[in-house]
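Okay, here's what each chain looks like letter by letter:
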Amino acid sequence: MKDNAKIVYRFQNNLYINLTNRCPNACVFCIKTKFSMVFNGYNLNLEGREPSAEEVLEEIYKQTKEGRVGQIVFCGYGEPTMRLNVLLEVASALKAKMAAGEYPKTPIRLNTLGLGNLVHGRDITGDLAKTLDSVSISINSPKEEEWLSIVRPLPQYKERGYKSVLEFIKLLASKMEDVTVTIVDKQGIDAEKTKELALSLGAKFRLREFIA
């Protein structure tokens, strides 16, 4: 990780946590390939040196002193659930400080592709529901074949990937209120069918802006 690589960066009044550059998918519209691992002027290339929970928390506290924070979001240029233990440790530490009045009450959100159960070989939704306020799942298609062609999962996630994402959404929505399924605009994806699917699984729906 270069000295100027950001593990926590500010965007639209939120703090985004860049835990890893690893991802189980290689989506056709992924901006980390378009922007050469740079976003909004921030270098997000960790070069394999992933931050510890202590490093992340230290940077969050530092940046919070610099101005008001709307939300804390696990997002970055990789799939946050690839580092589930660190994600949970950071979120739990923040929640503990909020409860003790040592940190401003701030919503904590996860942006994910929804493959966490398959990646870890177990149901992780209970852990997430205990430590997060909201989760946004980028499903990108209401059809399995289209999902495969758009998100391009790694070989080990192809066979069971789509069904695992649907199961992840349903399980998580049964445990917490604020679960949102998203697709990217201007990709020719059927937004209405995706919305119907999201609602049938107990989740909300949102159309995300396409970043060219």
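Residues numbered from 1 in each chain as written. Predicted model: local features only at pLDDT ≥ 70, side-chain atom pairs only at ≥ 80, totals over all residues. Heavy atoms only, no water.

### Section: the sheet that holds strand S6 (residues 108-112)
A sheet is described by the order of its strands in space; here seven strands give the open sequence S1-S2-S5-S6-S7-S8-S9, paired in mixed fashion. In this open sheet, the two strands that pair with only one neighbour each are strand S1 (8-11) and strand S9 (204-208). Within the sheet, the average angular offset between the axes of one strand and its neighbour, ignoring direction, is 25°. In this structure, S1 lies alongside strand S2 (residues 14-17), joined through four bridges in antiparallel fashion. Note that in S2 the partner of Phe 11 across the bridge is Asn 14. Across the sheet, helix H3 (residues 84-99) lies against S2, strand S5 (72-74) and S6, angled at about 165° from S6, the strand it touches most. (Pairing = 2+ DSSP bridges. Helix = DSSP H or I, 4+ residues; strand = E, 2+ residues; numbered from the N terminus. Axes fitted to C-alpha atoms, helices over the stretch in contact; angles between N-to-C directions. Contact = heavy atoms within 4.5 Å.)

### What to know about the pairing of S2
Residues of S2 alternate between two faces, with Asn 14 and Tyr 16 on one and Leu 15 and Ile 17 on the opposite face, all of them buried. The antiparallel pairing of S1 with S2 creates a hairpin that spans two residues between the two strands, and Gln 12 there sits at a positive phi of about 50°. (Buried < 20%, exposed > 50% of the residue type's maximum accessible area, 1.4 Å probe, protein only.)

### Observations regarding the packing of aromatic side chains
With the rule as written, the count across this model stands at five aromatic pairs. A centroid spacing of 5.5 Å and a plane angle of 20° characterise the contact between Tyr 9 and Tyr 16, whose relative ring orientation is stacked. Its relative accessible area of 3% is what places Tyr 9 among the buried residues. Consider the rings of Tyr 61 and Tyr 103, whose centres lie 5.9 Å apart with planes at 55°: the pair is tilted. Of this pair, Tyr 61 sits in helix H2 (residues 53-65) while Tyr 103 sits in the loop between H3 and S6, and the two are 42 residues apart along the sequence. Classification of Tyr 61 as partly exposed rests on a relative accessible area of 23%. A network of ring pairs unites the aromatic residues Tyr 9, Phe 11, Tyr 16 and Tyr 42 as a single cluster. (Phe/Tyr/Trp six-rings, centres within 6.5 Å; stacked < 30°, edge-to-face > 60°.)

### Brief notes about the side chain of Asn 25
Residue position: Asn 25 is located in the loop between S2 and helix H1 (31-34). Beyond its immediate chain neighbours, meaning those up to four positions away, Asn 25 contacts Leu 113, Leu 115, Val 151, Arg 152 and Pro 153.

### Some words on the environment of Arg 49
Within the secondary structure, Arg 49 sits in the loop between strand S4 (42-43) and H2. Judged by relative accessible area, which is 35%, Arg 49 ranks as partly exposed. Taking the C-alpha atoms as reference points, Arg 49 and Thr 20, separated by 29 residues in sequence, lie 8.4 Å from one another. Reaching out from Arg 49, the side chain makes a polar contact with the side chain of Glu 55 at a distance of 2.6 Å. (Polar contact = N/O pair within 3.5 Å; in protein donor to acceptor, adjacent residues only side chain to side chain.)

### Section: the nonpolar core
With 56 residues, the main nonpolar core has Ile 60, Phe 74, Val 90, Leu 94, Leu 128, Leu 132 and Ile 139 as its most contacted residues. With eight residues, H3 is the single largest residue contributor to this core. With seven residues, the next largest nonpolar core counts Met 37, Phe 39, Val 73 and Tyr 77 among its residues. (Core = buried A, V, L, I, M, F, W, Y, C linked by side-chain atoms within 4.5 Å.)

### Thoughts on the pattern of salt bridges
Inspection of every chain in the model, using the stated rule, returns nine salt bridges. A salt bridge links Glu 50 to Arg 22; its shortest N-O distance comes to 2.8 Å. One end of the pair, Glu 50, is in the loop between S4 and H2; the other, Arg 22, is in the loop between S2 and H1, with 28 residues separating them in the sequence. With its nearest N and O atoms 3.3 Å apart, the salt bridge here joins Lys 163 to Glu 144. Note that Lys 163 is positioned in helix H7 (residues 161-173) and Glu 144 in helix H6 (residues 144-151), a separation of 19 residues in sequence. Judged by its relative accessible area of 25%, Glu 144 is partly exposed. Salt bridges here are not isolated pairs; linked through shared partners, they connect Arg 22, Glu 50 and Arg 83. (Salt bridge = Lys/Arg side-chain N within 4 Å of Asp/Glu carboxyl O.)

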